[in-house]
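Descriptive analysis of the structure
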Amino acid sequence: MKKGSAVRNVMVLATGILLLAAGLLEVGDMARNVSGLCIGIGSGLIGMSIANLIMIRYYAKHPTFKRQHEIEAGDERGIAINNLSKAKAFDTTVRIMMVIPFVLFFMDLPVWTTFAVIAFYMFSIGLRYYYIVKYSKVM
Amino acid sequence: MLKNRLEEIRKQHGIKQEELAEALAVSRQTIGSLENGRYNPSIILAFKIARYFKLPIEEIFIYEEE
C-alpha cells in the first residue's frame, strides 16, 4: 500500500476514531492516563489523516500543483538547506544543554533533574557518533 | 571555486528559469542560486544540466583554484 494513498489514510482515520472513542468512553477498566493517551493519539491520527485526504483530493484536482510539490520535496538545494538547518539546530540545542545542568544545579532543584539533562546530553552525543559510524560504513 | 556559465547558456537556448527547473525536476530558486553562484550543484545535477544542453560538464561548470 502506498504511503500517501487514500485507502491507507482512511484506515488511519478509522483507527484514530476508534482510539478517540475508546478514550472518551473509557472502554473496560481503562486507567485515566491510558484514556488520555488514547484521546491524544486518536485526535492526532484523525487530524493527520483528514489533512492528508484533503491534500490527496486537492492534488487529484490540481496535478500541476502536485508536480510542483513533488519537485520542491525532492529539490536537492531544498534538502541541503533542510539538512544544514537541522545540523545547526542540533549544535545549538547541544550547546544549550551543556549550560542547563549548571542552571538546574544552582536553582537548588532535585539532583535527578540535573542527571536527567546530562543523560539526555550524553544520549544525543552518543546518537551522533552512532550515525557517524553508520554513515561512514555506507558512504 | 566553482563558476558556471549556466545563465549565459540558458539564455543562448532561449529557455526560462522555470522551464529549465521543470525539465531538471528542481525548483526555480535552485536554478537562480546556481546562476548566481550561491549554490554548487551535486555531480548528478551537474550531469543532468550538461545532458540537457548536450554539452560537456566542463563547458558549463569551471573549477578555478582559489
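Keep in mind that this is a model prediction, so the values were computed, not measured.

Let's shift gears to the interface of chain A and chain B. The interface of chain A with chain B comprises five residues on the first partner and 11 residues on the second. Taking both partners together, chain A and chain B bury about 810 Å²; carbon and sulfur atoms supply 45% of that area. It is I71, E76 and R77 of chain A that lose the most area in chain A upon contact with chain B, and together they represent 65% of the buried surface on that side. Our count for the chain A to chain B interface comes out at one salt bridge. For R67 of chain A, the salt bridge goes to E22 of chain B, with nearest N and O atoms at 3.1 Å. The interface formed by chain A and chain B holds six residue pairs in polar contact (both at pLDDT 80 or more) in total.

So, about the nonpolar core. Residue and element names in this part refer to chain B. Judged by nonpolar contacts, the single largest core of 18 residues is most densely connected at I49, F53 and I60. Those elements that provide at least two residues to this core are α1 (6-12), α2 (17-24), α3 (28-36), α4 (43-53) and α5 (57-60). A total of five residues in this core trace back to one element, the largest contributor, which is α4. Discounting residues that sit within four places of it in the chain, I49 has contacts with L6, L24, L34, I60 and F61.

Before going further, it helps to spend a moment on the packing of aromatic side chains. A full pass over the atoms with the stated rule returns seven aromatic pairs over all chains. Ring centres of Y130 of chain A and Y131 of chain A lie 5.1 Å apart, and the angle between their planes is 70°; this geometry places the pair in the edge-to-face category. Y130 of chain A gets classed as partly exposed once you look at its relative accessible area, which sits at 49%. In this structure Y131 of chain A comes out as partly exposed when scored by relative accessible area, which is 35%. A centroid spacing of 5.1 Å and a plane angle of 90° characterise the contact between Y52 of chain B and F53 of chain B, whose relative ring orientation is edge-to-face.

This paragraph deals with the domain arrangement of chain A. For chain A, the assigned domains read domain 1 (3-73) and domain 2 (76-138). Its C-alpha centre places domain 1 of chain A at a distance of 31 Å from the equivalent point of domain 2 of chain A.

A surface patch of nonpolar side chains, about 930 Å² in accessible area, is lined by F120, F123, L127, Y130, Y131, Y135, V138 and M139 of chain A. Topologically, V138 of chain A is positioned in helix α5 (residues 111-138).

For the rest of this paragraph, the subject is the confidence of the model for chain A. Scored by pLDDT, chain A comes out at a mean of 91, with 97% of its residues at no less than 70. Helix α3 (residues 63-74) of chain A is the least confidently modelled element of chain A, averaging 87 in pLDDT, while α5 of chain A averages 94, the highest of any element.

Our next topic: the packing of α2 of chain B against α3 of chain B. All names here are of chain B. One way to put it is that α2 packs onto α3 with a least axis distance of 8 Å and a crossing angle of 110°. Comparing the axis directions of α2 and α3 gives the class roughly perpendicular. Handedness of the crossing formed by α2 with α3: right-handed. Contacts from Q17, E18, L20, A21 and L24 of α2 reach α3 at R28, I31, G32 and E35. Taken together, the residues of the contact of α2 with α3 break down into four nonpolar, two polar and three charged.

Calculation notes
- Residues numbered from 1 in each chain as written.
- Chains lettered and ligands numbered in written order.
- Predicted model: local features only at pLDDT ≥ 70, side-chain atom pairs only at ≥ 80, totals over all residues.
- Heavy atoms only, no water.
- Contact = heavy atoms within 4.5 Å.
- Buried area = accessible area lost by both parts, 1.4 Å probe.
- Salt bridge = Lys/Arg side-chain N within 4 Å of Asp/Glu carboxyl O.
- Polar contact = N/O pair within 3.5 Å; in protein donor to acceptor, adjacent residues only side chain to side chain.
- Core = buried A, V, L, I, M, F, W, Y, C linked by side-chain atoms within 4.5 Å.
- Buried < 20%, exposed > 50% of the residue type's maximum accessible area, 1.4 Å probe, protein only.
- Helix = DSSP H or I, 4+ residues; strand = E, 2+ residues; numbered from the N terminus.
- Phe/Tyr/Trp six-rings, centres within 6.5 Å; stacked < 30°, edge-to-face > 60°.
- Domains from an automatic or database assignment.
- Patch = residues over 30% accessible without salt bridge, like charges linked within 9 Å, V, L, I, M, F, W, Y side chains within 5 Å.
- Areas by Shrake-Rupley, 256 points an atom, 1.4 Å probe, with all protein chains shown as cover.
- pLDDT = per-residue confidence, 0-100.
- Axes fitted to C-alpha atoms, helices over the stretch in contact; angles between N-to-C directions.
- Parallel < 35°, antiparallel > 145°, perpendicular 65-115°, else oblique.
- Left-handed = near helix turned anticlockwise from the far one by under 90°.
- Nonpolar A, V, L, I, M, F, W, Y, C, P; charged D, E, K, R; others polar.

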